Amino acid sequence: MKVKRKTVIAGNWKMNKNKAETVELLKEMEAKISKSDIKVLLCLPYINLPIASETLESGAIELGAENCHWAAKGAFTGEVSRDMLLSYGIKHSIIGHSERRQYFGETDETVNRRSIACLENGITPIICVGENLEQREEGITKDLIKEQLIKGLASFTDEMISNTIIAYEPIWAIGTGKTATSEQAQEVCGFIRSLLADMFSADVADRVSILYGGSMNDANAEELLSMPDIDGGLIGGASLKADSFSTIVNIAKRRL
Ligand code: PGA
């Protein structure tokens, strides 16, 4: 039986939509997605967040950022702080996405700093972990995930982890159309939950929402979301289409 945890369907739009396209897609999404007990979240580029919050009306979709700096303010050209996000009512942020790690030098240490800053200010971090193909083939997936979590969650309290969302995103499955099988995804998500039980407690671990990400779409969501330790999805490509994304949301609602 599934434990009652928050089901979260989060879109990650990455660097794809301009202002007009953002408004258009959000309106389409809002027409298809009704308010429910699951958390439906769209993480957008910073520049589109203000127009996005003006556009959304129904309360069925929440907004998140794709990253957040650890400092309150200062000389960090190109970065955005949690205070800035909060001033636009943004209460979620992806942290440590593999594209940030791969192209922009994000490390487990910076993931830790960013996440702590979010949590201290009431922003929910969605912390991403996951292995690349080489690491999977070498058989070191679990070692790597363990290291990412031990370093990424360093000095976290029970309360902090309870307010965190973890996303397992195998890099080889991101944007490739090559989804992890539901068994592969469950195996790692279950492993993450057992690690959290060791690091915190079984009770705490049972309450943390763990998402799968990597080519999740309207055709494979049903199976992935039926797995006991997969509490939702972090969705890139399929979150750029109102039909696919709303179908995934509807599948997730049935999971309740
Ligand atoms: P994808 O991206 O769904 O396009 O594979 C997922 C992600 O990067 O979060």
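Residues numbered from 1 in each chain as written. Predicted model: local features only at pLDDT ≥ 70, side-chain atom pairs only at ≥ 80, totals over all residues. Heavy atoms only, no water.

## Topic: the overall build of the protein
Move 1: A count of helical and extended segments in the protein gives 12 helices and 8 strands.
Move 2: Against the 2.2 N^0.38 benchmark of 18 Å for 256 residues, the protein shows a C-alpha radius of gyration of 17 Å, consistent with a compact globule.
Move 3: Each principal axis of the C-alpha atoms in the protein carries an extent, and together these give about 45 × 45 × 35 Å.
Move 4: Of the contacts made within the protein by residues no fewer than 6 positions apart, 72% connect residues no fewer than 24 positions apart.
Move 5: When the accessible surface of the protein is summed, it comes to about 11400 Å², and 51% of that surface belongs to carbon and sulfur atoms.
Move 6: Separation between the mean location of the 29 positive side-chain charges and that of the 36 negative ones in the protein comes to 4 Å. (Helix = DSSP H or I, 4+ residues; strand = E, 2+ residues; numbered from the N terminus. Rg over C-alpha atoms; globule rule 2.2 N^0.38 Å. Contact = heavy atoms within 4.5 Å. Areas by Shrake-Rupley, 256 points an atom, 1.4 Å probe, with all protein chains shown as cover. Lys, Arg positive; Asp, Glu negative; His and termini not counted. Charge placed at Lys NZ, Arg CZ, Asp CG, Glu CD.)

## Brief notes about the pattern of salt bridges
Side chains carrying opposite charge are able to pair once their charged atoms draw close together.
Move 1: Within this structure, the stated rule accounts for 14 salt bridges.
Move 2: When the shortest N-O distance is used, the salt bridge between Asp 108 and Arg 101 registers 2.6 Å. With respect to burial, Asp 108 and Arg 101 carry one shared label: buried.
Move 3: Note that Glu 131 is salt-bridged to Arg 136, the shortest N-O span being 2.7 Å.
Move 4: Through salt bridges that share partners, Arg 5, Arg 193, Asp 229 and Asp 231 make up one connected network. (Salt bridge = Lys/Arg side-chain N within 4 Å of Asp/Glu carboxyl O. Buried < 20%, exposed > 50% of the residue type's maximum accessible area, 1.4 Å probe, protein only.)

## As for the site of the ligand
Move 1: Around the ligand, 13 residues are found, and the nearest of them are Lys 14, His 97, Glu 169, Gly 175 and Ser 215.
Move 2: Contacts to the ligand include Gly 175, whose backbone N or O atom sits 2.7 Å from an oxygen atom.
Move 3: With respect to the ligand, the backbone of Ser 215 contributes an N or O atom lying 2.7 Å from an oxygen atom.
Move 4: Taking 280 Å² as the accessible area of the ligand by itself, protein coverage stands at 95%.
Move 5: Taken together, the residues that form the shell around the ligand break down as 4 nonpolar, 7 polar and 2 charged. (Near = heavy atom within 4 Å. Polar contact = N/O pair within 3.5 Å; in protein donor to acceptor, adjacent residues only side chain to side chain. Nonpolar A, V, L, I, M, F, W, Y, C, P; charged D, E, K, R; others polar.)

## Describing unusual backbone geometry
Move 1: A positive phi angle, near 65°, is found at Ser 155, a position not held by glycine.
Move 2: The residue Ser 155 is located in the loop between helix H7 (141–152) and helix H8 (158–162) in this model.

## Some details on the pairing of strand E4 (residues 92–95)
Move 1: Going residue by residue along E4, you find His 92 and Ile 94 tucked away on one face and Ser 93 and Ile 95 tucked away on the opposite face as well.
Move 2: Looking at chain direction, E4 and strand E5 (residues 124–129) are connected through 4 bridges and run parallel. By the bridge assignment for E5, Ile 95 is matched with Ile 127. (Pairing = 2+ DSSP bridges.)

## Regarding helix H12 (residues 242–254)
Move 1: Given a rise of 1.5 Å per residue, 13 residues ought to cover 18 Å, and the 19 Å separating the end C-alpha atoms of H12 matches this to within 8%.
Move 2: Residues of H12 that are buried include every one of Ala 242, Ser 244, Phe 245, Ser 246, Ile 248, Val 249, Ile 251, Ala 252 and Lys 253, and no others. (Expected span 1.5 Å × (residues − 1).)

## A few points about helix H5 (residues 108–120)
Side chains three or four residues apart in an α-helix point the same way, a direct result of the helix having 3.6 residues per turn.
Move 1: The terminal C-alpha atoms of H5 lie 18 Å apart, and with 13 residues this matches the ideal 18 Å at 1.5 Å per residue to within 8%.
Move 2: For H5, every residue scored as buried is listed here: Asp 108, Thr 110, Val 111, Asn 112, Arg 114, Ser 115, Ile 116, Ala 117, Cys 118 and Leu 119.
Move 3: Next to the buried residues of H5 lie helix H3 (82–87), E4, helix H4 (98–103), E5, H7 and H8.
Move 4: Of the residues flanking the end of H5, it is Gly 122, one or two places downstream, whose phi is positive at about 80°.

## With respect to the environment of Gly 236
Move 1: Among the secondary structure elements, Gly 236 is positioned in the loop between strand E8 (232–235) and H12.
Move 2: Between the C-alpha atoms of Gly 236 and Glu 169, which are 67 residues apart in sequence, the distance is 11 Å.
Move 3: Not counting residues up to four positions away in its chain, the partners in contact with Gly 236 are Asn 12 and Lys 14.

## Thoughts on the side chain of Ser 244
Move 1: Its location among the elements puts Ser 244 in helix H12.
Move 2: Those residues within four positions of Ser 244 in sequence are excluded, and the remaining contacts are Asp 218 and Ala 238.

## Some remarks on the packing of aromatic side chains
Move 1: Scanning all chains against the criterion turns up 2 aromatic pairs.
Move 2: A cation over a ring is seen here: Arg 100 above Phe 104, with NZ or CZ 4.1 Å from the ring centre. (Phe/Tyr/Trp six-rings, centres within 6.5 Å; stacked < 30°, edge-to-face > 60°. Lys NZ or Arg CZ within 6 Å of the ring centre and 35° of its normal.)

Keep in mind these numbers describe shape, not what the thing actually does.
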